[in-house]
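Single-letter residue listing:
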Amino acid sequence: MTQATKRITREYTEIEANPPQGITIQPIDEDMFKWNIEITGPKESIYAGGTFKLLLTLPTNYPFKPPVLSFQTKIYHPNVTNDDKGSMCLGILRSDQWKPSCKILAVLEMARGLLMEPNPDDAVETSIAEQYKNDKATFEKTAKAWVKQYAK
């Protein structure tokens, strides 16, 4: 068993033993390097009522390189690309900000935190970020419509 596999297995066991609110995890086909993640939209957020599927891909040299977390469910959000990749803009996942002491649980909790409070100043979708800042009512209406359409 490689160091990466040991670390990932330990983190997985910790998450399963004490699952974070609104987040479920499941390795894909027993592959500890790829997990299906489900995040429920926090009750107080505009994403409430939605269930969002994400894919967590861990590198073979984890924890020395950051994982990749992407939305499989379409979401109207300034920090998630509005394409078929669903890439997230999450500071902790950037190579220059990632530290081996960071854990998968922190990544998942930060992702759910972005559903509570988008960060328009660190956006990958600048037009959505501008709308969030300048016309929040329209942003919220569109985001809620996407939750109903895509995040069932």
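Residues numbered from 1 in each chain as written. Predicted model: local features only at pLDDT ≥ 70, side-chain atom pairs only at ≥ 80, totals over all residues. Heavy atoms only, no water.

Within an unreviewed UniProt entry, the label attached to the protein reads E2 ubiquitin-conjugating enzyme, and the organism entered is Tuber borchii.

So, about the overall build of the protein. Per the secondary structure count, the protein includes four helices and four strands. Put simply, the protein runs from its N terminus to its C terminus through helices and strands in the order α-β-β-β-β-α-α-α. For 152 residues, the compact-globule estimate of 2.2 N^0.38 gives 15 Å, and the protein sits close to it at 16 Å. Taken over the C-alpha atoms alone, the protein extends approximately 50 × 30 × 25 Å along its principal axes. The buried share among the 152 residues of the protein stands at 47%. Excluding contacts between residues fewer than 6 apart, the proportion of contacts in the protein whose partners are at least 24 apart in sequence is 55%. On the protein, roughly 8300 Å² of surface is accessible, and the fraction owed to carbon and sulfur atoms is 50%. (Helix = DSSP H or I, 4+ residues; strand = E, 2+ residues; numbered from the N terminus. Rg over C-alpha atoms; globule rule 2.2 N^0.38 Å. Buried < 20%, exposed > 50% of the residue type's maximum accessible area, 1.4 Å probe, protein only. Contact = heavy atoms within 4.5 Å. Areas by Shrake-Rupley, 256 points an atom, 1.4 Å probe, with all protein chains shown as cover.)

Per-residue pLDDT for the protein averages 95, and the proportion of residues at 70 or more is 100%. Mean pLDDT in the protein bottoms out at helix H2 (residues 104-116), which sits at 95, and peaks at helix H4 (residues 136-150), which reaches 98. (pLDDT = per-residue confidence, 0-100.)

To continue, consider helix H3 (residues 126-134). Among the residues of H3, Ile128, Ala129, Gln131 and Tyr132 are the ones counted as buried. Looking straight down H3, one finds its buried side chains confined to an arc of 160°; they lie on one side. Every exposed residue of H3 that faces more than 90 degrees away from the buried side is listed here: Thr126, Ser127 and Asn134. Contacts from the buried residues of H3 go to H4. (Arc of directions from axis to C-beta.)

What follows concerns the sheet that holds strand S4 (residues 68-71). Consider a sheet: its strands pair through backbone hydrogen bonds, and that pairing is either parallel or antiparallel. Overall, antiparallel pairing links the four strands, which are arranged S1-S2-S3-S4 in an open sheet. Pairing within the sheet leaves two strands with one partner each, and these edge strands are strand S1 (23-28) and S4. Here the average twist between neighbouring strands, direction ignored, is 25°. Examined bridge by bridge, strand S2 (residues 31-40) and strand S3 (residues 51-57) share seven bridges and lie antiparallel to one another. Bridge pairing in S3 places Ile37 opposite Leu54. (Pairing = 2+ DSSP bridges. Axes fitted to C-alpha atoms, helices over the stretch in contact; angles between N-to-C directions.)

This next bit is on unusual backbone geometry. Here the bond from Tyr62 into Pro63 is cis, since omega is 10°, no more than 30 degrees from zero. For Pro63, the location among the structural elements is in the loop between S3 and S4. For Asp29, which is not glycine, the phi torsion reads 50° and is therefore positive. Here Asp29 is to be found in the loop between S1 and S2. By relative accessible area, Asp29 is classed as exposed at 73%.

Membership of the largest hydrophobic core comes to 42 residues, with the highest contact counts inside it found for Trp35, Ile37, Tyr47, Phe52, Leu69 and Met88. Elements represented by at least two residues in this core include exactly helix H1 (3-17), S1, S2, S3, S4, H2, H3 and H4. Broken down by element, the residue count for this core peaks at six residues, all from H2. Leaving out residues up to four positions away in the same chain, Trp35 has contacts with Ile8, Tyr12, Ile15, Ile25, Gln26, Pro27, Ile28, Leu54, Leu55, Leu56, Leu58 and Ile104. (Core = buried A, V, L, I, M, F, W, Y, C linked by side-chain atoms within 4.5 Å.)

Applying the stated rule across the entire model yields eight aromatic pairs. Plain terms: the ring middles of Tyr47 and Phe52 are 6.0 Å apart, the flat faces sit at 80° to each other, and that makes the pair edge-to-face. Note on Tyr47: relative accessible area 0%, which makes it buried. Ring centres 6.0 Å apart and planes at 45° place the aromatic pair Tyr62 and Trp98 in the tilted group. Here Tyr62, found in the loop between S3 and S4, pairs with Trp98, found in the loop between S4 and H2; they are 36 residues apart in sequence, far enough to count as distant. Taking the relative accessible area as the measure of exposure, Tyr62 reaches 1% and is therefore buried. Owing to a relative accessible area of 7%, Trp98 belongs among the buried residues under this scheme. Joined through ring pairs, the aromatic side chains of Tyr76, Tyr132, Phe139, Trp146 and Tyr150 make up one cluster. A cation over an aromatic ring shows up here: Lys74 above the ring of Tyr150, its NZ or CZ 5.8 Å from the ring centre. (Phe/Tyr/Trp six-rings, centres within 6.5 Å; stacked < 30°, edge-to-face > 60°. Lys NZ or Arg CZ within 6 Å of the ring centre and 35° of its normal.)

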